[in-house]
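Letter by letter, the chains look like this.
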Amino acid sequence: MITLYHGSNVAIEDIELSRSHRCKDFGCGFYLNGNREQARHMAVRTTARMECGKPTVTAFSFDERNLTDNTDIKVLTFEDYTVEWAEFVLANRRYKGEGNVGGYDIVVGPIADDTVGVQLYRFTRGFISIEQMIDELRVRGNRAVQYYFGTPGAIALLTHI
């Protein structure tokens, strides 16, 4: 079991996918990561953006064996910043539907640097190559990994701590 964290302006009691925003890195879903400090940073940013609530980190436990052993869910994992990862992020940032481009229940992969919108714009306009975009989106220092849960079946695998 691992502990995953979600940073927000409110405590999360029940995960409601209907409240998820579209056009995110891995699609419309619920995002967590394994770094409590990074989740706290996101909570501060979200609270400032929403102009209400207070920075709150909510913890969940998750059995990582579900990523490889659970045949009832569709999982996509990116081990590092790659062309495939960048293309998936770009496709989901453009996607207007529910879930994500590939219909995945869970996606695990690197978190893009905060300038993702700017870098995607530069790439789609031909100002930089995909390799340059990947380098610009790479979070420096500690490798940052995000966990996306995009379906009720995936959400059911999380246990509120």
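Everything here concerns the structure above.
Residues numbered from 1 in each chain as written. Predicted model: local features only at pLDDT ≥ 70, side-chain atom pairs only at ≥ 80, totals over all residues. Heavy atoms only, no water.

Caption draft 1: The layout of surface pockets, seen in detail. By volume, the largest pocket is sized at about 1500 Å³. Considering the residues around the largest pocket, the lining is formed by 50 residues, among which His6, Gly7, Tyr31, Met42 and Thr46 are closest to the centre. Of all elements in the fold, only strand E1 (2-8), strand E2 (30-33), helix H1 (36-50) and strand E6 (145-149) reach the threshold of two or more residues within the lining of the largest pocket. When residues of the lining of the largest pocket are assigned to their parent elements, the largest contribution, 8 residues, is made by H1. (1 Å grid on protein atoms, 1.4 Å probe; cavity = no way out; pocket = protein on both sides within 12 Å on 5 of 7 lines; lining within 4 Å. Points joined across faces, edges and corners; volume = space filled by probe spheres on them. Helix = DSSP H or I, 4+ residues; strand = E, 2+ residues; numbered from the N terminus.)

Caption draft 2: Just the environment of Arg49, in detail. Structurally, the position occupied by Arg49 is in helix H1. Residue classification places Arg49 among the exposed residues on the basis of a relative accessible area of 54%. Sequence-wise, Arg49 and Asn9 are 40 residues apart; in three dimensions their C-alpha atoms are separated by 9.3 Å. (Buried < 20%, exposed > 50% of the residue type's maximum accessible area, 1.4 Å probe, protein only.)

Caption draft 3: Looking closely at the pattern of salt bridges. If you walk through the whole model with that rule in mind, you get 3 salt bridges. Asp25 is the partner of Arg93 in a salt bridge, and the nearest nitrogen-oxygen pair spans 2.7 Å. In this pair, Arg93 is assigned in helix H3 (residues 83-94) and Asp25 in the loop between E1 and E2, connecting sequence segments 68 residues apart. Arg93 sits in the partly exposed class, given a relative accessible area of 26%. A salt bridge links Glu37 to Arg40; its shortest N-O distance comes to 2.7 Å. Of the two residues, Glu37 and Arg40 are both situated in helix H1; the distance of 3 residues between them amounts to about one turn of the helix. For Arg40, a relative accessible area of 39% corresponds to the partly exposed category. (Salt bridge = Lys/Arg side-chain N within 4 Å of Asp/Glu carboxyl O.)

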